[in-house]
Amino acid sequence: KEEEEEEEKEKIRKDEKEAIEKLFEATGVDEYINNETDHCEWNGITCNDDDFITAINLHDNGLHGTIPTQVGRLSNLKSLRLNNNHITGPLPSELGML
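Think of each chain on its own: its residues are numbered from 1, step by step along the sequence as written. Local features in this predicted model are restricted to residues of pLDDT 70 or higher, and side-chain atom pairs are both shown and tallied only at a pLDDT of 80 or more, whereas totals for entire chains, interfaces and linings draw on every residue. The side-chain figures draw on all heavy atoms in the structure; neither hydrogens nor water molecules are used.

Chemist: Hey, could you run me through a negative patch on the surface in this one?
Modeler: There is a patch of like negative charges on the surface, built from Glu2, Glu3, Glu4, Glu5 and Glu7. Secondary structure elements follow DSSP: runs of H or I no shorter than four residues count as helices, runs of E no shorter than two count as strands, and numbering proceeds from the N terminus. Tracing the sequence through the fold places Glu5 in helix H1 (residues 2–26). Each patch is built from residues lacking any salt bridge and having more than 30% relative accessible area; the joining distance is 9 Å for like charges and 5 Å for nonpolar side chains (Val, Leu, Ile, Met, Phe, Trp, Tyr). For the accessible areas, the method is Shrake-Rupley and the probe is 1.4 Å, while residue cover comes only from the protein chains on display. Definition used for salt bridges: Asp or Glu carboxyl oxygen within 4 Å of a side-chain nitrogen of Lys or Arg. Two residue types count as positive, namely Lys and Arg, and two as negative, namely Asp and Glu; His and chain ends fall outside the count. Charge placement uses NZ in Lys and CZ in Arg. For Asp and Glu, CG and CD serve respectively.

Shown next as structure tokens:
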């Protein structure tokens with residue numbers, strides 16, 4: 001059972017990394033795309049003890065573009081700060097499910 005729980009956590013971590021990569025790709029941040037480093041170490045990303053993303057703090061970062069629907073997969077996200085950027089378009093409805 002413990003092994004199954006760890007496998008599930010690893011799947012969540014992988015999904016979250018993909019989601020944050022989509023956010024960076026959609027908003028013009030190339031630095032972390034296909035980056036092998038731990039996404040919890042990336043600028044503006046905060047994770048909990050299980051390495052699940054709990055906060056994204058990228059205000060005043062010159063981001064531009066739209067927020068992709070994949071951000072809705074960040075089920076542990078408690079804080080999303082993207083103010084003072086050039087984000088356009090509607091907020092994905094998936095964010096309402098967090």
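From this point on, the discussion continues.
Chemist: Looking at this structure, I do not really get the pattern of salt bridges. What am I missing?
Modeler: When the charged atoms of two side chains lie near each other, side chains of opposite charge can form a pair. A full pass over the atoms with the stated rule returns six salt bridges. Note that Glu18 is salt-bridged to Arg73, the shortest N-O span being 3.9 Å. Here Arg73 lies in the loop between strand E3 (64–65) and strand E4 (79–81) and Glu18 lies in helix H1, a separation of 55 residues in the sequence. For every residue, the accessible area (1.4 Å probe, protein chains only) is compared with the maximum for its type, and the residue is labelled buried under 20%, exposed over 50%, or partly exposed between those bounds. Here Arg73 falls in the partly exposed class, since its relative accessible area comes to 36%.

Chemist: Explanation requested: the side chain of Thr27 in the structure shown.
Modeler: Along the polypeptide, Thr27 turns up in the loop between H1 and strand E1 (45–47). On the basis of relative accessibility, which here comes to 1%, the residue Thr27 falls in the buried class. Two N or O atoms form a polar contact when they lie within 3.5 Å of each other; inside protein one atom must be a possible hydrogen donor and the other a possible acceptor, and for residues adjacent in sequence the pair counts only when both atoms belong to side chains. Among the polar contacts listed, one links the side chain of Thr27 to the backbone oxygen of Leu23, at a separation of 2.7 Å. In this analysis, two residues are considered to be in contact whenever any of their non-hydrogen atoms come within 4.5 Å of each other. Setting aside residues up to four positions removed in sequence, Thr27 forms contacts with Leu63, His64, Thr66 and Ile87.

Chemist: Can you help me understand H1 in this one?
Modeler: Helical periodicity: at 3.6 residues per turn, an α-helix aligns residues three or four positions apart in one direction. Multiplying 1.5 Å by the residue count of a helix minus one yields the expected span of that helix. Look at H1: 36 Å from first C-alpha to last across 25 residues, which is about the 36 Å you get at 1.5 Å a residue. What H1 keeps buried is the set Arg13, Glu16, Lys17, Ala19, Ile20, Glu21, Leu23 and Phe24. Buried residues in H1 make contact with E1 and strand E2 (53–57).

Chemist: Teacher, can you tell me more about unusual backbone geometry here?
Modeler: Outside of glycine, negative phi angles account for most residues, and trans bonds account for most peptide bonds. Phi is positive for Asp51, which is not a glycine, with a value near 65 degrees. Locating Asp51 in the fold gives a position in the loop between E1 and E2. Since its relative accessible area comes to 30%, Asp51 is described here as partly exposed. Its identity is not glycine, yet Asp60 carries a phi of approximately 55 degrees, on the positive side.

Chemist: What exactly am I supposed to notice about the nonpolar core here?
Modeler: Within soluble globular proteins, side chains that are nonpolar tend to cluster in buried spots. To define a nonpolar core, start from buried Ala, Val, Leu, Ile, Met, Phe, Trp, Tyr and Cys residues and group those joined through side-chain atoms within 4.5 Å. Of all hydrophobic cores here, the largest spans 17 residues; its most connected members are Ile20 and Ile56. Elements with a contribution of two residues or more to this core: H1 and E2. In terms of residues, this core owes the most to one element, H1, which gives four residues.

Chemist: Please clarify how the environment of Asn85 should be interpreted in this entry.
Modeler: Of note, Asn85 is situated in the loop between E4 and strand E5 (86–87). With relative accessibility at 14%, the residue Asn85 sits in the buried group. Taking the C-alpha atoms as reference, Asn85 lies 5.2 Å from Gly62; in sequence the two are 23 residues apart. Polar side-chain contacts of Asn85 include one of 2.9 Å to the backbone nitrogen of Asn61. Engagement of the side chain of Asn85 in a polar contact is seen with the backbone nitrogen of Leu63, the distance being 2.9 Å.

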